[in-house]
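These are the residues of each chain, in order.
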Amino acid sequence: MKKLFLVGALALFGAMDAQSGFKLGANLGLPVGDLSTGYGFSIGADASYLWPVAADFNVGLASGFQTYFPKSEYKDYGVKNVNLVPIAASGQYRFTPEFSLTVDLGYGFAFSDGESDGGFYYAPKAAYHFGPSEVNLSYRGISADGGSSGSVNLGYAYSFGK
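Here, residues in each chain are numbered from 1, in the same order as that chain's written sequence. The model is predicted, so local features are restricted to residues of pLDDT at least 70 and side-chain atom pairs to those at 80 or more, both for listing and for counting; the totals for chains, interfaces and linings are taken over all residues. Values reported for side chains reflect all heavy atoms of the structure, with hydrogen atoms and water molecules removed beforehand.

### Here we look at the pairing of strand 8 (residues 147-160)
Move 1: Pairing between two strands is assigned when DSSP locates at least 2 bridges connecting them. Helix and strand assignments come from DSSP, with helices taken as H or I runs of at least 4 residues and strands as E runs of at least 2, each series counted from the N terminus. Bridging between strand 1 (residues 22-33) and strand 8 involves 12 bridges; their strand directions are antiparallel. Residue pairing across strands places F22 opposite F160, the latter belonging to strand 8.
Move 2: Of the strand pairs in this sheet, strand 7 (residues 133-144) and strand 8 are connected by 12 bridges, and their pairing is antiparallel. When the sheet's bridge partners are listed, G141 is paired in strand 8 with G150.
Move 3: Connecting the antiparallel pair strand 7 and strand 8 is a turn made up of 2 residues.

Structural data, given as structure tokens:
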């Protein structure tokens, strides 16, 4: 069921044309919470599509891919990368043309070395916009039965068609 949901969400993103609400980005992060013990940093890519519903408020869908890399001393013990693929609803409020706050809420699919798990996904983000680009600071977290973990991220995104 999880794989079917993931394939459907990716197909939805593929069917959207790159109008004013399509955004692609990349980020670097430092793991916090349960992940910070064994993992040193993360990199990721993001995609979202937002529709305007009011003058300063947009809603839409967000997804991406985040990889958490183990610290070198843990690689010797066989610790592998952890990957996260979120599927989320997204809401963005622009306080000014340059500054916005966004929150993504949904489900995060976590997998590593053939094993998969998942949980509630949340990602608040503050962004500074300049032209079609933005620089953002975010927290990306996942909460499941086994605990919660996440990362603090610095990212860049480009909005197409704006």
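### Here we look at the packing of aromatic side chains
Move 1: Two aromatic rings, drawn from Phe, Tyr or Trp (for Trp, its six-membered ring), form a pair once their centres lie within 6.5 Å of each other, and the interplanar angle then sorts them: stacked below 30 degrees, edge-to-face above 60, tilted otherwise. As enumerated under the stated definition, the model contains 11 aromatic pairs in all.
Move 2: Judged by centre distance (4.8 Å) and plane angle (80 degrees), the ring pair of Y93 and F95 falls under edge-to-face.
Move 3: Between the aromatic rings of F120 and Y122, the centroid separation amounts to 5.7 Å while the plane-to-plane angle is 25 degrees, which identifies the pairing as stacked.
Move 4: Exposure classes here rest on a 1.4 Å probe applied to the protein chains alone. A residue is buried below 20% of its type maximum, exposed above 50%, and partly exposed in between. Relative accessible area serves as the criterion here: at 45%, F120 is assigned to the partly exposed category.
Move 5: Judged by its relative accessible area of 22%, Y122 is partly exposed.
Move 6: Of the aromatic side chains, those joined through ring pairs into one cluster are F22, Y158 and F160.

### Quick notes on the sheet that holds strand 2 (residues 39-54)
Move 1: Around the barrel, which closes on itself, the 8 strands sit in the order 1-2-3-4-5-6-7-8 with antiparallel pairing between neighbours. Pairwise comparison of adjacent strand axes, ignoring direction, gives a mean angle of 25 degrees for this sheet. Convention adopted: a line fitted to C-alpha atoms gives each axis, helices being fitted over their contacting stretch, and angles between N-to-C directions are expressed from 0 to 180 degrees.

### Side note on the pairing of strand 7
Move 1: Note that strand 6 (residues 115-130) and strand 7 share 9 bridges and pair antiparallel. Directly across from F120, in strand 7, lies its bridge partner S143.
Move 2: Between strand 6 and strand 7, which pair antiparallel in sequence order, lie 2 residues; one of them, G131, sits at a positive phi of approximately 60 degrees.

### Thoughts on the confidence of the model for the protein
Move 1: Summary of the metric used: pLDDT quantifies the predictor's per-residue confidence within the range 0 to 100. Here the protein averages 86 in pLDDT, and 86% of its residues register 70 or above.
Move 2: Should any heavy atoms of two residues lie within 4.5 Å, those residues are counted as being in contact. Considering only residues more than four positions removed or in separate chains, one finds that residues 1-19, a stretch of pLDDT under 50, has 24 contacts.

### Topic: the environment of N83
Move 1: Relative to the assigned elements, N83 resides in strand 4 (residues 82-94).
Move 2: Taking relative accessible area as the criterion, N83 reaches 14% and is therefore assigned buried.
Move 3: Expressed as a C-alpha distance, the spacing of N83 and F109, which sit 26 residues apart in the sequence, is 8.1 Å.
Move 4: Other than its neighbours up to four places away in sequence, N83 contacts F65, Q66, T67, F109, A110 and F111.

### Examining the environment of F57
Move 1: Along the polypeptide, F57 turns up in strand 3 (residues 57-70).
Move 2: Linking F57 and Y93, residues 36 residues apart in sequence, is a C-alpha distance of 4.6 Å.
Move 3: The contacts of F57, once residues within four sequence positions are left out, are W51, P52, Q92 and Y93.

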